[in-house]
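If you want the building blocks of each chain, they are given just below.
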Amino acid sequence: WKVKIATNLVVDDLINFTIYIFDKFSDILKKWQHRLHYIAVDEAQDSSQKQFGLVKSLAEQHKNLFIVGDPDQTIYEWRGAKPEILVDFDKQSPKCKTILLNQNYRSTPEILNLANQIIKKNKLRVDKDLFTKNPNGINVVHFHAKNDIEESQWVVNEIKRIREAEKIKLSDFTILYRAHHVSRNIE
């Protein structure tokens, strides 16, 4: 935990000092503006106001700024990310061109239909509908657990139920999770 804080402070310091240098020494800013003909920013929904301000100042001369992101995937607001930077980019830069990449190549239509229903409830977003040309898959099951114990009990019970009904071996099941600590109760 302390390492993460120190790392974030180092990154913040780099940004702050760079902005300070550019503010105090316009010739250095102009040098970097001249050198950077094209700037690309990925995961722009997770940019802070300072980070994006720095990028915009660097792109000022050539005006070739390419940003990619999805405000529906913002995960760093707790760290200062401002998804409205991405959402409002076309209003701030009226000459920009927005290209929606809403075709999904991995998921089934059932998963995307559920995802669309959920993300439509986000208040700060770019309106889009995800779609796929993939064939239909199995129906999506949604279970909202009150806590991690209830969740793990449900998963284990579902495996038992399916295993008994369809005579499937335990080795035929896979449980995917985003963080290792989630697996503890299931284990």
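In this text the structure is predicted, and so the values were computed from the model without any measurement.

J.: Any details on the side chain of arginine 125? Residues and values, ideally.
T.: The residue arginine 125 is located in the loop between helix H6 (109-119) and helix H7 (148-166) in this model. Side chain to side chain, arginine 125 and aspartate 72 meet in a polar contact 3.0 Å long. In terms of polar contacts, arginine 125 uses its side chain to reach the side chain of aspartate 127, at 3.4 Å. Not counting residues within four places of it along the chain, the set of residues in contact with arginine 125 comprises Pro71, Asp72, Val87, Ile119 and Lys120.

J.: How would you explain the pattern of salt bridges if you had to name every residue and give the values?
T.: One pass over the full model with this rule turns up eight salt bridges. In this structure, aspartate 88 engages lysine 91 in a salt bridge whose closest nitrogen and oxygen atoms are separated by 3.2 Å. On the basis of relative accessibility, which here comes to 26%, the residue aspartate 88 falls in the partly exposed class.

J.: Give a description of unusual backbone geometry that names residues and reports values.
T.: Phi angles above zero are rare outside glycine, and lysine 63 is one such case at about 55°. By the element assignment, lysine 63 lies in the loop between helix H3 (49-59) and strand E2 (65-67). Judged by its relative accessible area of 57%, lysine 63 falls in the exposed class. Although it is not a glycine, lysine 167 adopts a positive phi angle of roughly 55°. With respect to the helices and strands, lysine 167 occurs in the segment after H7.

Conventions adopted
Residues numbered from 1 in each chain as written. Predicted model: local features only at pLDDT ≥ 70, side-chain atom pairs only at ≥ 80, totals over all residues. Heavy atoms only, no water. Helix = DSSP H or I, 4+ residues; strand = E, 2+ residues; numbered from the N terminus. Polar contact = N/O pair within 3.5 Å; in protein donor to acceptor, adjacent residues only side chain to side chain. Contact = heavy atoms within 4.5 Å. Salt bridge = Lys/Arg side-chain N within 4 Å of Asp/Glu carboxyl O. Buried < 20%, exposed > 50% of the residue type's maximum accessible area, 1.4 Å probe, protein only.

Functional significance is not addressed by these values, which are geometric in nature.
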